[in-house]
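# Structural description and commentary
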Amino acid sequence: MTKKETQNAAEPKNEKRFGGKVGFVLGWVAIYFLIVGIVLTAMKLPDQISNLKKKTAVSQSKVVLYEGPKSLQDSTPEDLDCVSEDARDFEEYALTHCVDTKVQVNGQDCYVYDTHVNNTHTWKTDYYPAQERTPVTYFDFDGNA
């Protein structure tokens, strides 16, 4: 081996894979395709959004209402007081017909119950927390909602 060949073998080679004109052209081709892809996506986006809105639109769905039992008594102002279970007959008046709250779904009146809730989220040692009344109603949709 000559002195020059030994010197060349020890030096690292600085070959660029995509250097020069080839790398420049390939880089711009990639940028071109990215820009074209973004533009095409932006042009189709409004159509895709309107198609999605059509698919998710509520159409031809009907409200299904449930009638309350006729045997429930109407709530009285005393029922709305916050009292513990031992101060009221909770078994007889666990549910009552709510007369002071109206709920409508798509213009149709729902049957509204009054039921007991523990709004304080505390518990007493005698297991009788103070309970208030709150309105509750049930309804459903038939079809896509």
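See the structure printed just above.
These numbers were taken from a predicted model, which means no experiment stands behind them. (Residues numbered from 1 in each chain as written. Predicted model: local features only at pLDDT ≥ 70, side-chain atom pairs only at ≥ 80, totals over all residues. Heavy atoms only, no water.)

### Section: the side chain of Arg133
Turning to its location among the elements, Arg133 is positioned in strand β6 (residues 132–137). No salt bridge forms around the buried Arg133; measuring N to O, its nearest opposite-charge neighbour Asp114 is 4.7 Å away. A polar side-chain atom of Arg133 sits 2.4 Å from a polar atom in the side chain of Thr96. Of the polar contacts made by the side chain of Arg133, one reaches the backbone oxygen of Asp114; its length is 3.1 Å. (Helix = DSSP H or I, 4+ residues; strand = E, 2+ residues; numbered from the N terminus. Buried < 20%, exposed > 50% of the residue type's maximum accessible area, 1.4 Å probe, protein only. Lys, Arg positive; Asp, Glu negative; His and termini not counted. Salt bridge = Lys/Arg side-chain N within 4 Å of Asp/Glu carboxyl O. Polar contact = N/O pair within 3.5 Å; in protein donor to acceptor, adjacent residues only side chain to side chain.)

### Observations regarding the packing of aromatic side chains
Here the structure, examined in full by the defined rule, presents five aromatic pairs. Ring geometry for Phe24 against Trp28: centres 6.3 Å apart, planes inclined by 65°, an arrangement best described as edge-to-face. Of this pair, Phe24 and Trp28 both sit in helix α2 (residues 20–56), four residues apart, which is roughly one turn of the helix. Comparing Phe24 with Trp28 shows no difference in burial state: the two are exposed. With 5.7 Å between their ring centres and 70° between their planes, Tyr113 and Tyr138 make a pair best called edge-to-face. Here Tyr113 is found in strand β5 (residues 112–117), whereas its partner Tyr138 is found in the loop between β6 and β7 (139–142), with 25 residues between them in sequence. (Phe/Tyr/Trp six-rings, centres within 6.5 Å; stacked < 30°, edge-to-face > 60°.)

### What about the sheet that holds strand β2 (residues 95–97)?
Ordered by their spatial adjacency, three strands build an open sheet running β2-β5-β6, and the pairing between neighbours is antiparallel. The outermost strands of the open sheet, each flanked by one partner alone, are β2 and β6. Each neighbouring strand pair of the sheet contributes to a mean axis angle of 35°, computed without reference to strand direction. Of the strand pairs in this sheet, β2 and β5 are connected by three bridges, and their pairing is antiparallel. Along β5, the bridge assignment pairs Leu95 with Thr115. (Pairing = 2+ DSSP bridges. Axes fitted to C-alpha atoms, helices over the stretch in contact; angles between N-to-C directions.)

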